[in-house]
Each structure stands twice: as structure tokens, then as C-alpha cells.
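Summary of structural features
Below are the chains, spelled out letter by letter.
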Amino acid sequence: MSKKTKHSNSLRAEIHQHHFQPLQTFDDIEVAEEIIIENESIKKVTNGDGKANDGGENKANGKPSKENNKLLYGINDNPPWYLSIFLAFQHYLTMIGAIVSIPFILTPALCMSDEDPNRGIIISTMIFVTGIVTYFQATWGVRLPIVQGGTISFLVPTLAILALPQWKCPPEAEIAAMDEDSRQELWQIRMRELSGAIAVSAMVQVILGYTGLVGKILRFVTPLTIVPTVSLVGLTLFEHAAETASKHWGIAVGTTAMLTLFSQIMSNVAIPVPAYRKGHGIEFRPFLLFRLFPVLLTIMIMWGLCGILTLTDVFEEGHPSRTDVRLKVLTNAKWFYVPYPGQFGAPSVTLSGVLGMLAGVLACTVESLSYYPTVSQMSGAQSPPLHAINRGIGTEGLGTVLAGLWGAGNGTNTFGENVGAIGVTKIGSRRVIQWAAFIMILQGVIGKFGAVFILIPDSVVGGIFCVMFGMIIAFGLSTLQYVDLRSARNLYILGLSIFFPMVLCKWIQQHPTAIQTGNETVDSTLTVLLGTTILVGGLLGCFLDNVIPGTAKERGLVDWANEMPLGDDNINDGTATDYDFPYGMETLRSWKWTYYVPFLPTYKLQKQS
């Protein structure tokens, strides 16, 4: 046996040990090994002489070692197209649960009936825009393997806007007496109000990103600003979770319990699955089914249970947990429908709507910024430089503008679920996310597909809400790891910035006519702003943390600066980086004026030249 063959076999054994026990995808072991060797992963496993690398960080460029992260595919690795499609579909399934949950809260506030087939069009529009923005973000934006899509954060200001007296839904009896055109105009006029508010407010995010202002402003955004802003998203929506789950508490609690069982207790349980291996035939291999698809499995099982209870008439006719209660939505939905800008009419713009929706834009900006360094580490990329952060936020804002113009009724944000999927599957390839974007665009034009998800019983969705909203709260509270929780100062700011907004905003929403200044526009604007918990809580936390004296260590600024460096670009010496554009870099470097454009990869290059 030759030296080369011996070394190849030892390398294969090492790859087996680190990456394939147990399998997390259905890909063939032999094919995967060849791919790893072909894409020069061997250089990261060894130093070129057969000696193992120490697995540490590459000191030359600050890039974590791929072997240290035990990645199967890093950010610049391109799996074969057939494997990429499978991995991309995994990401699609991860985000679809969050996407379809948004209309369950949005459409009732729009005065849309449960049987309205247009609910399917809204879901298809969300998926379609998600695909477009995700591809642009991964290719030309921040260039990290992240999915951009609809977000719960926009629901808080949306509900505050629709709680205004002029947008409250008329009584059900009055809606039932309307003809078809009147009922359609009833919800479309509200959608046009949301579309204008979303598109115009997102221009602030576009400006913050592409001008580079985001780096300067975020020096005042501390951990004690992030905690109330993000946590209040989940805390504010608990009533909607309770209302949905109350359609049948048994199904809702069962859904929550099953999701907990799959995602937490059985996450490391491997299921043997048959797979074909060239030269060996059919063999069984372990597959981490519950770790990869806990939400999908839970929905399918509980949906199936509701189907059985429907067929056996345990759920009487008209029961909200029956699987056929909204069957008309599926039968009336179009097979193919391409969403387009202004499909529900030209967006309308009001000051109260724009300023209110700005709360969602700012919350999404803060949330996405906290994800960028995490994703870079997970995918084996360099720490995100300032130009990539600027470009990422600007692109997210541009995506939200498109979502508003398309009539999605929501904005775009980095999907935390897909960030977690990278950590679980160890697949950080940018190419996989690009394939996932293509799948989203394709599915977004298949009208029947979007309508299928409307059939999920409300009680099942309510059980998912209990977990999903809780995780949003937990994500916000996790930022407390940077601050000193033994400090009475910090506890005071934390308690006041979370509790006071819930008290004030709840009262404002229950008394929408309480503010009387004599000017209807001012009244509506103040009602929306003071009725949006994430805006009040975020501003209060930011103000108190920057005004009340405290040391940098006490406030968590020291550790936070290490997590989110917002200084000058640390990889701007002109060499290729993970954040360079896929085309045209030589031309950009030859134009000196591009060194001053804060969203280009050549930004501040003159300092090293």
C-alpha cells in the first residue's frame, strides 16, 4: 500500500470520527468524503505534511479553523448540486413554520375571514419575497449564509396601528352582511396602510446601513437596550398565543409537549434509516431526525391527530380544530400565482403608521446585528467587517421595502431558526442558502402550496406559539450574560424598561381615544408610538443606561464589544476575504473613490495602502 493511500485512509477515518457519527443528512458517506478531499478540506485537517493542525484560529486573518468548528461545509464550500438541494430544503422547512404563523395573527387584525383564500396569497407573497431577499443578502449583501424573511417583530407595531379607532374591525354581523367586493376592500385598505408604513419606515434602515451610520448609532445601543427591545416582542404577543391555543387546550398543550420532547429530550436520538452505498448496497445508518425537524414532525403528527378526530366526528362540525374547517381556502386557491408589487392596491402613507412601524425596523436591526458574528463563527468565516455589517443592514432594509411594496404585510429580518440550523447541521455553505432562496421563490408562485398551511388547526398553531414566542423572550434575555446582574443599577433599568411599557402600552391600546391634542394626526401618531411596547421599552432602556452612571464592565460594554466589534475594518489589506463580492473586485480596488463608500468591500482600504 502506498504512502498516499495510507494517508488517505487515515484521513477518511478521521473524517468519519468527526463528521459522521451519527449522520445528520442522507448524503452518502463515500461521496461526502470525496467532496471534502476535493474541496481542499484536507488542508484544514492537516498542515500539508500529515501532521494534525491544532484546530486553533488562523492568526493571519482571524478566521476560525474549519476543523475547530467541525464543519462539514464552510462558507465558501460548494456541495454538489444534488446535495445542495437537499440541504437547502432543510433550511426551507426550518423557516416555513415561522412564516406561516404570521398570517394567523395578521389576517384577523385585517378583518379577513378564516375562509378567505387571499390568506394563501399573503403566505405565498411572504415566501416569494423571502426567497428574493435571501438570495440578494447571501450573494451581494452581508454574504453570510443567513435567511431573510417575515418576522414577529413587525407584528407588535402592526397590531398597535390596527388598534386605532379608524382601523378597528366592524362587528362580525356587519361583515357577514357585506358583499364580496366590500369584504375584500375592508381588508385591502388596511393592507395598503401597512404596506406604506412598512416600505417608508424601512428606508431608515436602508440609510443607516448604506451610509455607514449604523456603526455610529449602535455605540449607544447597549445590552440593556437589546434586552427589553427583543424580549417585549414575545411578551406582548402572549394574548394572541392564548387566544389561538384556547381553541382546544388539549391539542395545544400536546403540541407544546411534543415539540419539547422532540427538540430537547430526543434531539440526540438517532433513527436508523436505509441508504444505498456504492459497492455495499442497502445499509442502515443513524439519522438525527428529531434534532433536524422537531417543528415539522410536531405539526405533522398533531395535524394528523386532528385529522383522525375530524374523521371520527370527535370534533363536531364547525369546531376550530377540525382539519376541514377552512377547506374552501385550498379549493379556491389558484395553482399558480406570481405576486407583484401593488397587488392589493397602491400603498397609503400616514405619519402615525410610518413612525409606529419604525419600532419594528429598529428592533429587527438590533436583532440582526446580534446574529452576524454568531453566523460568521458557525460558518468558519472571518469576523464580519464594518462594510459587511453596513451592507447587511442596508440590504435588510431594502428587502423590507420590497416586502411592503409587494403587500406581504410584514418586513424582513434574519431568521434565528436558520441560524440554529447551521449550528446543528454543521453546514455553513453560502451556496446552500442560495439554493434555498430558489426553492422559496418557486414555492411562492404555487398558490395551492401556500393555501395548504392555512388548513393547520388553530390549536396546533397556538401550541407552537407558546414555544416560539417563549424562545424570542429567551433570546432577548440571553443578552444579560454580558452585564453584571449583581448591580442594583442594572436591575433597576431592566425591571423598569420591561414592566413600564407593558403597563403603559396596554392602557393606551385599551383607550385609543385617550390622547386628545386637537390634531388627529398627532393623536394617532402618539397613540401608535406609546402603544408599541418594543419602542417604549427600547428607548427607555437606552436612555436610562446611557444616563445613569455605571462602569463599562458593569454595563456589559467590555464583553459586548468583543462580541460585536464595530470599529474599523480588520481585514482591509487588499487580500481576498469571505465578504468580497463574487464579481468585480479587481475593478473596485482599482477605483480609489470606492475606498470611501461604506458598503463596498474596499471601504477604508487606503489606510493600508
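Residues numbered from 1 in each chain as written. Predicted model: local features only at pLDDT ≥ 70, side-chain atom pairs only at ≥ 80, totals over all residues. Heavy atoms only, no water.

**Some thoughts on the nonpolar core**
Residues M95, L144, I152, Y372 and F469 are the most contacted members of the largest nonpolar core, which totals 124 residues. Looking at this core element by element, the count peaks at 13 residues for helix α5 (residues 81-109). What I152 contacts, discounting residues up to four positions off in sequence, is S101, I102, V233, L237, F469 and I472. In terms of nonpolar packing, the next biggest core, distinct from the first, is built from five residues, F581, M585, V597 and L600 among them. (Core = buried A, V, L, I, M, F, W, Y, C linked by side-chain atoms within 4.5 Å. Buried < 20%, exposed > 50% of the residue type's maximum accessible area, 1.4 Å probe, protein only. Helix = DSSP H or I, 4+ residues; strand = E, 2+ residues; numbered from the N terminus. Contact = heavy atoms within 4.5 Å.)

**Concerning the packing of helix α6 (residues 118-139) against helix α20 (residues 430-444)**
Packed helices, taken two at a time, are described by their axes: the angle between them and the distance between them. For the pair α6 and α20, interaxial distance at closest approach is 7 Å and the crossing angle is 155°. As far as their axial angle goes, α20 and α6 are roughly antiparallel. Along this stretch, α6 crosses α20, giving a crossing that reads as left-handed. On α20, the residues that touch S124, I127, F128, T130, G131, I132, T134, Y135, A138 and T139 of α6 are R430, I433, Q434, A437, M440, I441 and G444. A class-by-class count of the residues in the contact of α6 with α20 yields nine nonpolar, seven polar and one charged. (Axes fitted to C-alpha atoms, helices over the stretch in contact; angles between N-to-C directions. Parallel < 35°, antiparallel > 145°, perpendicular 65-115°, else oblique. Left-handed = near helix turned anticlockwise from the far one by under 90°. Nonpolar A, V, L, I, M, F, W, Y, C, P; charged D, E, K, R; others polar.)

**Details of the pattern of salt bridges**
In total, this model carries 12 salt bridges according to the counting rule given. Notably, a salt bridge pairs R192 with E185, separated by 2.5 Å at the nearest N-O pair. Taking the shortest distance from any N to any O, the salt bridge between D545 and R489 comes out at 2.7 Å. Of the two residues, D545 is situated in helix α25 (residues 533-547) and R489 in helix α23 (residues 488-510); the sequence distance between them amounts to 56 residues. Taking relative accessible area as the criterion, D545 reaches 0% and is therefore assigned buried. A relative accessible area of 10% places R489 in the buried class. Each member of the salt-bridge network shares a partner with another, and the members are D313, E317, R322 and D324. (Salt bridge = Lys/Arg side-chain N within 4 Å of Asp/Glu carboxyl O.)

Bear in mind that shape data such as this cannot, by itself, settle questions of function.
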